[in-house]
Amino acid sequence: METREESEGRPLDFIRQIIAEDLQSGKHHRTITRFPPEPNGFLHIGHAKSICLNFGIAGETGGACNLRFDDTNPSKEDVSYVESIKEDVKWLGFHWGKEALYASDYFPQLYEFAAALIKIDKAYVCQLSPDEIRQYRGTLTEPGKESPYRNRSVAENLDLFERMKSGEFAEGSHVLRAKIDMTSPNVNMRDPVIYRILKDHHHRTADTWVIYPMYDYTHCLSDMLENITHSLCTLEFEDHRPLYDWVLDSLNTPCHPRQIEFARLNLSYTVMSKRKLLKMVMGKYVDGWDDPRMLTISGLRRRGYTPASLRNFCKTIGIGKSESRIDMGVLENEIRSDLNVSAPRRMCVLDPIKVIIDNYPVGQVEEMAAMNHPQNPKMGERRVPFTRELYIERDDFMEDPPKKYHRLGPDREVRLRFAYLIRYVSHVTDAESGKITEIHCTYDPETRGGAAPDGRKVKGTIHWVSAEKAMPVTVRLFDRLFKVEDPEADKNVDFLDQMNPHSKIVVSNAMAEPSLMELHPDDKIQFERLGYFCADHVESLIGRPVLNRTVTLKDSWGANK
RNA sequence: UGGGGCGUCGCCAAGCGGUAAGGCACCGGGUUUUGAUCCCGGCAUCCGUAGGUUCGAAUCCUUCCGCCCCAGCCA
């Protein structure tokens, strides 16, 4: 019973249950997991799920989690990716042992294991062309047939494999195959290729090797060499588990990790495959891997998400085997609840309309005290200058408002947050454009700070900024990258055609309160009534912030409009 | 029509033979100088389907249905 519950009383997922049992039964005394990214792209939120799982389990059970780069395909991999991956894992708040590991470090051992497989007649060099290999493999419903090279002698195989390694043969001319069963109903077991010739420059081993081991062969042995106890991967590898086990069993290794598969993460209104993300980056559909709209770790970081919010998100969605698509709202909810307690409040007007307080002295400036957080006085307050001419949000005035509209309109009185109650007098409309250019109001001097001595109620509270003292800032409003919940649902439509053309709106002349002068890159704030924003850590300077909208506030009014 | 998986509230997800947790969303109500936050309440007589076993089933057995993955010298 105890093993099913975490300290917080949350039930254990099926993987943690298995591990708890293994620990209790004494099968293992310490768990070692691993996070094995291929350095061929940036990490995304789906990887965060795996990272939180693997590092999380290690942390909870006093074990360890290795960061191991699965770098067996030099044609797709690059050092720049290993750097970004390390940075992202660290940023998420996790630590790997002594140093990062690389499958490529095991190439010499892997080669020896392959030779050993040949010696026990469980691997052979095959000279069928890629095309022929496919034909010989059979189909899902028909068995394959054996390669004519399948029954070479051990000596000949050893010689050929050695010559593959020495670079004697051309790419594609020879492969090493496991000798298993061409009639297996599991296609992965029909003599899978375990080594191929690739004359590419490897980011770590340079030109030392011209033969590279395949994933199925490499992964299990790497796990074994690192004494991994539980090898956690996604569902599509379920069919590969027999091969994982076959390699280790055939080599009779001293350690045999247990592979367990779980469902990968899908989120609504986005795509998660690295291939597709790469396509968006290369095709300039977004501004790079760390574009704030991207669900990459670096994109989310730049957007203003915190490590804790991502970790909480992963905890919330849980681990299971059923394929799911999580609503974006769940992710947004996590960052809101984090920023709600930590982000200082500020005021900014995105779409300014001028308000003139007719009875306020020209040239007078008052410094209004504004709390940095309504529920947390410890966060202190700042002063916001109030003057005769102000800006309010164009949305906060309506000529003919409905009853339920809690803002400014003809004959209405509203509160300017932390300032005064103001009453509508008149407004001016530009004859040509029909746009309202200014609104005249009067203020009640008795209501300084926003409270009416007579206790009268007003329609609502709106944010504002002094027209003279405001600082113009650039604000970017981000929205979901895709128009549809599942951009991959329709196989006949290119996912790129489903992108949301309005996912990034740049507001270059928003008006912010002067305290934003002090904002540092990466600082996170809430603009009252608008949402959470952060100073873009690439493009901001102190005194000249570029703000990214992380997420809007919940809006029960906008939703009913 | 080969093999491997999965089907519990709109979206996730507990449940492990004793009579359906929780979160998000949604709907009410209260507080509020952010239509935010916070608080209170509501939200599956039912667990893809049809049978069976049992005193008792979402949990065990069988049938059928639906969905996903696999035929890279990618991972």
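Everything numeric in this text was worked out from a predicted model, so none of it was measured.

Not every one of the 64 residues close to RNA strand B is listed here, only the nearest: R345, R417, G449, Q526 and S556. The contact in question runs from a phosphate oxygen of RNA strand B to an N or O atom on the backbone of I319, over 3.5 Å. At 3.2 Å from a base oxygen of RNA strand B is found a main-chain nitrogen or oxygen belonging to A451. Contributions of two or more residues to the surface near RNA strand B are made by α5 (130–137), β6 (193–197), α11 (307–317) and α12 (328–342). With four residues, the single largest contributor to the surface near RNA strand B is α5. Residue composition of the surface near RNA strand B, by class: 22 nonpolar, 20 polar and 22 charged.

Taken in spatial order, the seven strands line up as β10-β23-β24-β25-β21-β22-β11 in an open sheet, and their pairing is mixed. In this open sheet, the two edge strands, each paired with only one partner strand, are β10 (345–346) and β11 (348–349). Sheet analysis places β11 next to strand β22 (residues 504–512), joined by two bridges and oriented antiparallel. Within β22, the position partnered with V349 by the bridge is M511. Its contacts with the sheet put α12 on β10, β23 (524–527), β24 (531–535) and β25 (546–552), and the angle it makes with β25 is roughly 115°.

Now for the packing of helix α4 (residues 107–119) against helix α7 (residues 215–225). The angle between the axes and the distance between the axes are what describe a pair of packed helices. The interhelical angle for the contact between α4 and α7, taken along N-to-C directions, is 110°, at an axis separation of 11 Å. Taken together, α4 and α7 sit at an angle that is classed as roughly perpendicular. Handedness of the α4/α7 crossing: right-handed. Between α4 and α7, the residues in contact are Q109, L110, F113, A114 and L117 and Y217, T218, L221, M224 and L225, respectively. Its residues placed into classes, the contact of α4 with α7 shows eight nonpolar, two polar and no charged.

A few words now on the nonpolar core. The biggest cluster of nonpolar side chains holds 38 residues, and the ones touching the most others in it are I45, V89, L267, F313 and L331. Elements that contribute at least two residues to this core include exactly α2 (45–61), β2 (64–69), α3 (79–91), α10 (297–303), α11 and α12. Here this core gets six residues from one element, more than from any other, and that element is α2. Counting contributing residues per domain, this core is built from domain 1 (4–262) and domain 2 (274–344 + 473–560), each supplying no fewer than three. In this structure, Y111, L117, A123 and I211 belong to the second largest nonpolar core, which totals 36 residues.

By the definition in use, this model includes 42 salt bridges. Salt bridges sharing partners connect three or more residues here, namely D290, R302, R476, D536 and E539.

Attention now moves to the domain arrangement of chain A. The domain boundaries assigned to chain A delineate domain 1 (4–262), domain 2 (274–344 + 473–560) and domain 3 (348–463). Here the C-alpha centroids of domain 1 and domain 2 sit 34 Å apart. With 27 residues of domain 1 at the contact, the number on the domain 2 side is 26 residues. Approximately 2,400 Å² of surface area, both sides summed, lies buried where domain 1 meets domain 2, with 68% of it carried by carbon and sulfur atoms. It is F42, I45 and W91 in domain 1 that bury the most area against domain 2; as a group they hold 30% of the surface buried on that side. Summed over the shared surface of domain 1 and domain 2, the result is four salt bridges. R301 is paired through a salt bridge with E87; the nearest N and O atoms lie 3.5 Å apart. Counting across the domain 1 and domain 2 interface gives seven residue pairs in polar contact (both at pLDDT 80 or more). Those elements giving two or more residues to the side of domain 1 that touches domain 2 turn out to be α1 (14–25), α2, α3 and β9 (258–262). Take the side of domain 1 that touches domain 2: its biggest share by element is six residues, from α2.

On to the side chain of T306, then. Position of T306 among the secondary structure elements: in the loop between α10 and α11. Within the structure, the side chain of T306 is placed 2.5 Å from the side chain of D338, a separation counted as a polar contact. Excluding anything up to four places from it in sequence, T306 contacts W91, I335, D338, L339 and K524.

Rules and cut-offs
- Residues numbered from 1 in each chain as written.
- Chains lettered and ligands numbered in written order.
- Predicted model: local features only at pLDDT ≥ 70, side-chain atom pairs only at ≥ 80, totals over all residues.
- Heavy atoms only, no water.
- Near = heavy atom within 4 Å.
- Polar contact = N/O pair within 3.5 Å; in protein donor to acceptor, adjacent residues only side chain to side chain.
- Helix = DSSP H or I, 4+ residues; strand = E, 2+ residues; numbered from the N terminus.
- Nonpolar A, V, L, I, M, F, W, Y, C, P; charged D, E, K, R; others polar.
- Pairing = 2+ DSSP bridges.
- Contact = heavy atoms within 4.5 Å.
- Axes fitted to C-alpha atoms, helices over the stretch in contact; angles between N-to-C directions.
- Parallel < 35°, antiparallel > 145°, perpendicular 65-115°, else oblique.
- Left-handed = near helix turned anticlockwise from the far one by under 90°.
- Core = buried A, V, L, I, M, F, W, Y, C linked by side-chain atoms within 4.5 Å.
- Buried < 20%, exposed > 50% of the residue type's maximum accessible area, 1.4 Å probe, protein only.
- Domains from an automatic or database assignment.
- Salt bridge = Lys/Arg side-chain N within 4 Å of Asp/Glu carboxyl O.
- Buried area = accessible area lost by both parts, 1.4 Å probe.

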